[in-house]
Amino acid sequence: MLRMYKTSGAEALDLFYSGDPAAFAQGVGWMTANPNSLPDAAEQMENAGNLGPGNAQALRDGWTAPPVGHPLHGKNVERTMRQGYERAILLAQHGNKRLETFVVTGTGSDFHVQVSNGSSAVSVFIVLPRESNGSTNAQATSWVFRIGSADAGLPEEIVDDDDPPVVRVRVSGSEEAALAAESLTSA
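These numbers were taken from a predicted model, which means no experiment stands behind them. (Residues numbered from 1 in each chain as written. Predicted model: local features only at pLDDT ≥ 70, side-chain atom pairs only at ≥ 80, totals over all residues. Heavy atoms only, no water.)

Student: Could you give an account of the nonpolar core, naming the residues involved and the relevant values?
Tutor: With 32 residues, the main nonpolar core has Trp 63, Met 81, Tyr 85, Leu 99, Phe 111, Ile 126 and Leu 128 as its most contacted residues. When contributions to this core are tallied by element, the ones reaching two or more residues are helix 1 (8-16), helix 2 (21-33), helix 3 (38-47), helix 4 (55-64), helix 5 (77-95), strand 2 (98-105) and strand 4 (121-127). The greatest single-element share of this core, amounting to six residues, is contributed by helix 5. Non-local contacts of Phe 111, meaning those with residues more than four positions away in its chain, are made with Trp 63, Leu 72, Lys 75, Val 77, Thr 80, Met 81, Ile 126, Val 127, Leu 128 and Pro 129. (Core = buried A, V, L, I, M, F, W, Y, C linked by side-chain atoms within 4.5 Å. Buried < 20%, exposed > 50% of the residue type's maximum accessible area, 1.4 Å probe, protein only. Helix = DSSP H or I, 4+ residues; strand = E, 2+ residues; numbered from the N terminus. Contact = heavy atoms within 4.5 Å.)

Student: Lay out the side chain of Lys 97 with the relevant residues and their values.
Tutor: Tracing the chain through its elements places Lys 97 in the loop between helix 5 and strand 2. One buried charged residue, Lys 97, forms no salt bridge at all, with the nearest opposite charge on Glu 100 at 11 Å. Polar side-chain contacts of Lys 97 include one of 2.7 Å to the side chain of Asn 117. Each residue touching Lys 97, except ones within four places of it in the same chain, is listed here: Gly 19, Phe 24, Ala 92, Asn 117, Gly 118, Ser 119, Ser 120, Ala 121 and Val 122. (Lys, Arg positive; Asp, Glu negative; His and termini not counted. Salt bridge = Lys/Arg side-chain N within 4 Å of Asp/Glu carboxyl O. Polar contact = N/O pair within 3.5 Å; in protein donor to acceptor, adjacent residues only side chain to side chain.)

Student: Before we move on, can you summarise the pattern of salt bridges with the specific residues and values?
Tutor: Going through the model one piece at a time under the given rule, you end up with five salt bridges. A salt bridge links Asp 40 to Arg 60; its shortest N-O distance comes to 2.6 Å. One end of the pair, Asp 40, is in helix 3; the other, Arg 60, is in helix 4, with 20 residues separating them in the sequence. Residue Asp 40 is classed as partly exposed on the basis of its relative accessible area of 32%.

Student: Before we move on, could you go through the packing of helix 2 against helix 3 and cite the residues and values that matter?
Tutor: Relative to each other, helix 2 and helix 3 sit at 135°, their axes nearing to 8 Å. In terms of axis orientation, helix 2 runs oblique to helix 3. The chirality of how helix 2 crosses helix 3 is right-handed. Of the residues in helix 3, those touching helix 2 at Trp 30, Met 31 and Ala 33 are Leu 38, Ala 41, Gln 44 and Met 45. (Axes fitted to C-alpha atoms, helices over the stretch in contact; angles between N-to-C directions. Parallel < 35°, antiparallel > 145°, perpendicular 65-115°, else oblique. Left-handed = near helix turned anticlockwise from the far one by under 90°.)

Student: Talk me through the pairing of strand 3 (residues 112-117); I want residue IDs and the actual numbers.
Tutor: Summarising the sheet, strand 3 and strand 4 pair through six bridges and their orientation is antiparallel. Looking across to strand 4, one finds that His 112 is bridged to Val 127. (Pairing = 2+ DSSP bridges.)

Student: I'd like to hear about the side chain of Asn 34, residue by residue, with values.
Tutor: For Asn 34, the position within the fold is in the loop between helix 2 and helix 3. The class for Asn 34 is buried, based on a relative accessible area of 14%. Among the polar contacts made by the side chain of Asn 34, one reaches the main-chain carbonyl oxygen of Trp 30 at a distance of 2.9 Å. Beyond its immediate stretch of four places on either side in the chain, Asn 34 contacts Asp 40, Ala 41, Gln 44 and Arg 82.

So, in structure tokens, the structure goes:
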């Protein structure tokens, strides 16, 4: 099942790159100062208070330098992410747009980054070569709506019981964020 969601790191990047020209210049500066290490650039963002503690190490351990056997091992994540983000930052900077980051899983065995230059935002889609149950640390909550069972080992709720039923599966976000969103839509 395809899943698209936010991580807490993606939310921090979204906030940082929300349209402030100085932020774009600073981000380009960090990437330029660390031409061979996105985690080192992320560490500078952490030190400046623009990225939560531990995100740089998580980027290093789980993305750019994963151990043998990890689904991202040998996928050239560092180079691919750098090229995608450099292009996205420049597009957003020159178009006076915000940057949005999404993680996408369940699409196959290929790692890639897609950049979409929309009318009000530049969206970065980090496509992972594995299934993921999303992030429970993110404030953003994501759901998948589909016909029949999601068959994903995640709690699902039937939201339309005609035949076949439509089910809703929360694939990202904290329980608190999901309950808050639910209270908005059930009022």
